[in-house]
Amino acid sequence: MATAQCELCDESGDTVERRVYRAIRLAQGPTPGDKELPESLGFIKRLRKDWLAAGSPSRCIEVAGGHGLVSLLLLSLGLSRDATIVDPFRPRSFDTLLSAFREAGLLPESYSLQYDERPLDEALPYLLRGGDGGGGGTVVVACHACAHLTRDLVEIAVAERAAGIAVMPCCHSRRTVAGADRTKHAADALGLPLGVVADIALLGRLEAAGYDARLRVVEACAPSSNRVVVAFRRGEGSGGARLWEGSAARARASEGLSRAYERVHAARPAGTGRKARNRERREYRAARERDK
Ligand SMILES: C[S@@+](CC[C@H](N)C(=O)[O-])C[C@H]1O[C@@H](n2cnc3c(N)ncnc32)[C@H](O)[C@@H]1O
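Let us look at the structure shown here. In every chain, residue numbers begin from 1 and rise along the written sequence. A pLDDT threshold of at least 70 governs which residues receive local features in this predicted model, and a stricter bar of 80 or more applies before side-chain atom pairs are shown or counted, although totals over entire chains, interfaces and linings include all residues. Based on all heavy atoms of the structure, the side-chain values leave hydrogens and waters out of the count.

**A closer look at the overall build of the protein**
- Working definition: helices are DSSP H or I runs of at least four residues, strands are E runs of at least two. Numbering for both runs from the N terminus. Within the protein one finds ten helices and seven strands.
- A contact between two residues is defined here by any heavy atoms of the two lying within 4.5 Å. The long-range share in the protein, meaning contacts at least 24 apart out of those at least 6 apart in sequence, stands at 68%.
- Residue-level accessible areas treat just the shown protein chains as cover; the underlying method is Shrake-Rupley with a 1.4 Å probe. When the accessible area of the protein is evaluated, it comes to approximately 16,300 Å², of which 51% is carbon and sulfur surface.

**Some thoughts on the packing of aromatic side chains**
- Pairing of aromatic side chains requires ring centres within 6.5 Å, counting the rings of Phe and Tyr and the six-membered ring of Trp. Pairs whose planes differ by under 30 degrees are stacked, by over 60 edge-to-face, and all others tilted. Applying the stated rule across the entire model yields one aromatic pair.
- Measuring from centroid to centroid gives 4.8 Å for Phe94 and Tyr115, while their planes differ by 65°, and the two rings are edge-to-face. Of this pair, Phe94 sits in helix H4 (residues 92-103) while Tyr115 sits in strand S3 (residues 112-116), and the two are 21 residues apart along the sequence. For the pair Phe94 and Tyr115, a shared accessibility class is recorded, and that class is buried.
- Working rule: Lys NZ or Arg CZ, within 6 Å of ring centre, within 35 degrees of ring normal, means a charge sits over the ring. Here the basic side chain of Arg118 rests over the ring of Tyr126, its NZ or CZ set 4.8 Å away from the ring centre. A simple rule labels every residue: compare its accessible area, found with a 1.4 Å probe on the protein chains alone, to the largest value its type can have, and call it buried under 20%, exposed over 50%, or partly exposed in between.

**Observations concerning the packing of helix H6 (residues 148-159) against helix H8 (residues 194-208)**
- Running from N to C, H6 and H8 point in directions that differ by 10°, and their axes come no closer than 11 Å. When the axes of H6 and H8 are compared, the pair comes out roughly parallel. For the pair H6 and H8, the contacting residues are Thr150, Val154, Glu155 and Val158 in the first and Leu202, Arg205 and Leu206 in the second.
- Each residue is assigned to one class: nonpolar for Ala, Val, Leu, Ile, Met, Phe, Trp, Tyr, Cys and Pro, charged for Asp, Glu, Lys and Arg, and polar for all the others, Gly among them. The residue makeup of the contact of H6 with H8, split by class, is four nonpolar, one polar and two charged. Axes, fitted as lines to C-alpha atoms, cover a helix only where it is in contact. Angles between the N-to-C directions of the axes lie from 0 to 180 degrees. Roughly parallel here means an angle under 35 degrees, roughly antiparallel means over 145, roughly perpendicular means 65 to 115, and every remaining angle is called oblique.

**Observations concerning a positive patch on the surface**
- Exposure above 30% relative accessible area and the absence of a salt bridge qualify a residue for a patch, where like charges join within 9 Å and nonpolar side chains (Val, Leu, Ile, Met, Phe, Trp, Tyr) within 5 Å. By definition here, a salt bridge exists when the distance from a side-chain nitrogen of Lys or Arg to a carboxyl oxygen of Asp or Glu is within 4 Å. His residues and chain termini do not enter the charge count, which takes Lys and Arg as positive and Asp and Glu as negative. In plain terms, the charge of a residue is placed at NZ if it is Lys, CZ if Arg, CG if Asp and CD if Glu. Where like charges cluster on the molecular surface, the positive patch consists of Arg274, Lys275, Arg277, Arg279, Arg281, Arg282 and Arg285.
- Tracing the backbone through its elements, the reader meets Arg281 in helix H10 (residues 274-291).
- With relative accessibility at 45%, the residue Arg281 sits in the partly exposed group.

**A short note on H4**
- To estimate how far a helix should reach, multiply one less than its number of residues by 1.5 Å. Its twelve residues give H4 an end-to-end C-alpha distance of 17 Å, which sits within 8% of 16 Å, the value for a rise of 1.5 Å per residue.
- All of the buried residues in H4 are Ser93, Phe94, Thr96, Leu97, Leu98, Ala100 and Phe101.
- The inward-facing, buried residues of H4 contact helix H1 (16-26), helix H3 (69-76), strand S2 (82-86) and S3.
- Trailing H4 by a residue or two, Gly105 shows a phi angle of about 65°, which is positive.

**Describing the pairing of strand S5 (residues 164-170)**
- Extensive coverage of S5 is indicated by the burial of seven of its seven residues.
- Judged by which residues are buried, S5 turns out to be covered on both faces: Gly164, Ala166, Met168 and Cys170 on one side and Ile165, Val167 and Pro169 on the other are all buried.
- We call two strands paired when DSSP finds no fewer than two bridges between them. Of the pairings in the sheet, the one linking strand S4 (residues 138-146) to S5 comprises six bridges and is parallel in character. Residue pairing in the sheet places Ala142 in a bridge with Val167 of S5.
- By convention, orient the strands away from the viewer: a clockwise path from the first strand over the helix to the second makes the crossover right-handed. Regarding topology, H6 serves as the crossover connection from S4 to the parallel S5, and that connection is right-handed.
- As defined by bridge partners, S5 adjoins strand S7 (residues 227-233) across four bridges and the pair is classed as antiparallel. Paired with Ile165 across the bridge in S7 is Ala231.

**So, a nonpolar patch on the surface**
- Taken together, the side chains of Ile200, Leu215 and Val217 make up a nonpolar region of the molecular surface, amounting to roughly 230 Å² of accessible area.
- Its location among the elements puts Ile200 in helix H8.

**As for the side chain of Asp199**
- Tracing the backbone shows Asp199 in helix H8.
- Ignoring anything within four residues of it in the chain, the contact list for Asp199 reads Pro169, His172, Leu215, Arg227 and Val229.

**Topic: the site of the ligand**
- Near the ligand, the surroundings consist of 14 residues, among which Glu36, Ala64, Asp87, Leu120 and Cys143 are the closest.
- Under this definition, polar contacts are N or O atom pairs within 3.5 Å; protein pairs additionally need one hydrogen-donor-capable and one acceptor-capable atom, and for neighbouring residues in sequence, both atoms have to be side-chain atoms. Ala64 has a polar backbone atom sitting 2.9 Å from a nitrogen atom of the ligand.
- Protein chains shield 77% of the accessible area of the ligand, which is 590 Å² for the free molecule.
- Looking at the shell around the ligand element by element, the count peaks at three residues for S4.
- Partitioned by chemical class, the residues of the shell around the ligand number eight nonpolar, four polar and two charged. Working definition: residue near molecule or strand if any one of its non-hydrogen atoms lies within 4 Å of it.

**Some points on the sheet that holds S2**
- With mixed pairing, seven strands are arranged side by side in an open sheet as S3-S2-S1-S4-S5-S7-S6. Looking at strand neighbours, the two that pair on one side only are S3 and strand S6 (211-217), the edges of this open sheet. Strand-to-strand twist of the sheet, defined as the mean angle between neighbouring strand axes without regard to direction, takes the value 15°.
- Pairing geometry for strand S1 (residues 59-63) and S2, over five bridges, is parallel. Residue Ile61 lies in a different strand from S2, and its bridge partner there is Thr84.
- Strands in contact with helix H2 (residues 36-53) are S1, S4, S5, S6 and S7; relative to S7, the strand with the most contacts, it is inclined by about 30°.

Structure representation (structure tokens):
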């Protein structure tokens, strides 16, 4: 098998993915449910390309991290060297996984991994302002931060100018999505699930806040919670909100629209347009029928 071509391979040719599965199978103690690893891996695979394109920011904060698999995988895959998990309810499975990853030699030689057991509204502003000695260049990630948690963390990350934000929202409800009932009505009118409309609105929110945002899909997750919104801050000086991919795109669109309206409104004498010509044809045919 051509493992060397796998994007998640290590130097030994084995895949980090396979080694992680093996490590969790051998782990002693409570471990997360079977779907957690494919979901966390799927989440990381969907944000990896944008992460590398953004210059591989080394620090990440995983909000609502629970078992911490996303942070452990980011460290094992060499995407991050410094991870902090924020979750006020630290499960025992995190300690099992940490030992299993260590024993399997999956973690890099030098790394930092912290667990901050405060709610996100306390911990995240502190961490993003560098209260722990951190600072800028940080990516905030959250895999299935339920209901309003995703919204809350995105607002804090935007306000604190995080370098990147990657979330896979879940448990959308009319009470917790931005726009509440109005968003639910829009979704119903379009015949779309509320989560789809809310996640696309989130994409727009991040674009308007100065991020290049993309929406990706994780096949391993249920359709109600399989969309990843991944966003990296545009460079300083490129402006905050952006409506166009570039001034050339706007100029092309503007030219096309002007040409279309010129044709529609082109000054021509009354009674010489397409409708008038069609009327004349109908009247001519009717007259011929009468003369027969
Ligand atoms: C659905 S779990 C997601 C866990 C993990 N990220 C995953 O992918 O399975 C949601 C997590 O949010 C955490 N949580 C609840 N309230 C929170 C808060 N105010 N701040 C941060 N995390 C919170 C819970 O403890 C739980 O671990």
